[in-house]
Amino acid sequence: MKQSAGVAVAVALGALLILAARQAQAAIADTATSSDTTGSADTGSIDLGAIDLDTKIAAFLAVIRRFESNDDYSATYLNRFRISDFSHHPADPALGAARWPGEKITMGVYAGQNSTAAGAYQINWPTWKDFAPRLGLTDFSPDSQDIAAAAILKSTGAITALDNGNIEQAFS
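Criteria and thresholds
Positions within a chain are numbered from 1, following the residues in the order the chain's sequence is written. Two thresholds apply to this predicted model, a pLDDT of at least 70 for residue-level local features and 80 or more for giving and counting side-chain atom pairs, whereas whole-chain, interface and lining totals are computed over all residues. With hydrogens and water set aside, each side-chain value is computed from the structure's full complement of heavy atoms. Pairing of aromatic rings covers Phe, Tyr and the six-membered ring of Trp, with a centre-to-centre limit of 6.5 Å; geometry is then stacked below 30 degrees between planes, edge-to-face above 60, and tilted otherwise. Strands here are runs of E lasting at least two residues and helices are runs of H or I lasting at least four, both read from the DSSP assignment and numbered beginning at the N terminus. Only protein chains enter the accessibility calculation, which uses a 1.4 Å probe; a residue is then buried when its area is under 20% of its type maximum, exposed when over 50%, and partly exposed in between. The contact rule is simple, with two residues in contact once any of their heavy atoms fall within 4.5 Å. Given a helix with a known number of residues, its expected span is that number minus one, times 1.5 Å. Only one rule defines a salt bridge in this text: a Lys or Arg side-chain nitrogen within 4 Å of an Asp or Glu carboxyl oxygen.

This paragraph deals with the packing of aromatic side chains. Tallying each qualifying case throughout the model produces 4 aromatic pairs. Ring centres 4.6 Å apart and planes at 55 degrees place the aromatic pair F60 and F171 in the tilted group. Remark: F171 occurs in helix α6 (residues 167-171) and F60 occurs in helix α2 (residues 53-69); sequence separation between them is 111 residues. Exposure remark for F60: the relative accessible area of 3% places this residue in the buried category. Where F81 meets W100, the ring centres are 5.8 Å apart and the plane angle is 10 degrees; that geometry is what we call stacked. Here F81 is found in the loop between α2 and β1 (103-104), whereas its partner W100 is found in the loop between α2 and β1, with 19 residues between them in sequence.

Mapped onto the elements, P101 comes out in the loop between α2 and β1. Residue classification places P101 among the partly exposed positions, given a relative accessible area of 49%. In sequence terms P101 and F81 are 20 residues apart; their C-alpha atoms lie 9.9 Å from each other. Excluding anything up to four places from it in sequence, P101 contacts N114 and T116.

So, about helix α4 (residues 142-156). Between its terminal C-alpha atoms α4 stretches 21 Å, which fits the 21 Å expected from 15 residues at 1.5 Å a residue. Of the residues making up α4, those classed as buried are S144, Q145, A148, A149, A151 and L153. Those residues of α4 that are buried are in contact with α2, α3 (125-135) and α5 (158-163). The positive-phi residue at the C-terminal boundary of α4 is G157, with phi of around 90 degrees.

Before going further, it helps to examine the pattern of salt bridges. For the coordinates displayed, the defined rule picks out 4 salt bridges. A salt bridge links R80 to E103, with the nearest nitrogen and oxygen atoms 3.0 Å apart. In this pair, R80 sits in the loop between α2 and β1 while E103 sits in strand β1, placing the two residues 23 residues apart along the sequence. Residue classification places R80 among the exposed positions, given a relative accessible area of 63%. Residue E103 is classed as buried on the basis of its relative accessible area of 13%. Across the pair R134 and D130 runs a salt bridge, and its minimum N-O distance is 2.8 Å. Of this pair, R134 and D130 are both found in helix α3, 4 residues apart, which corresponds to roughly one turn of the helix. Take D130: its relative accessible area is 40%, and that puts it in the partly exposed class.

As structure tokens, then:
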């Protein structure tokens with residue numbers, strides 16, 4: 001596994017542990033309030049399997065947003081252009097002259113090619129063009145970006161991996 005992927009797995013696991021700890025604390029507080037007057041409680045171990053799937057997906061999307069855009073729904077590849085009109089993906093030809101043409105990739109396997117990665121999850125135009133109509137998305141708003149990102153995760157098998165507790169597989 002690449003070092004950056006390893007860091008991402010560690011952060012995702014950390015996010016899930018924090019969510020699990022919060023759920024455990026809330027459950028303990030409820031139990032302590034109803035049956036324990038001493039204020040002490042044994043927290044035991046945290047079981048990631050006890051976290052519901054929606055919470056796992058939300059934590060996973062939060063990690064992706066953080067790494068891809070620093071939680072910025074108006075970000076674009078290289079951040080030379082900021083999304084101000086969320087009515088379309090910024091590279092959508094429907095925007096005419098206001099269309100963002102993307103940026104040249106300068107290093108790596110795709111060096112020399114153009115990237116139209118945009119939004120919190122850095123979804124490129126071809127991917128958006130594929131998913132948005134299937135999902136009934138009519139804009140590039142933060143809510144639409146979240147819906148598309150979850151659908152992309154589902155299409156790659158990442159949600160199944162999360163549901164099975166396999167965070168490393170979800171990132172691959």
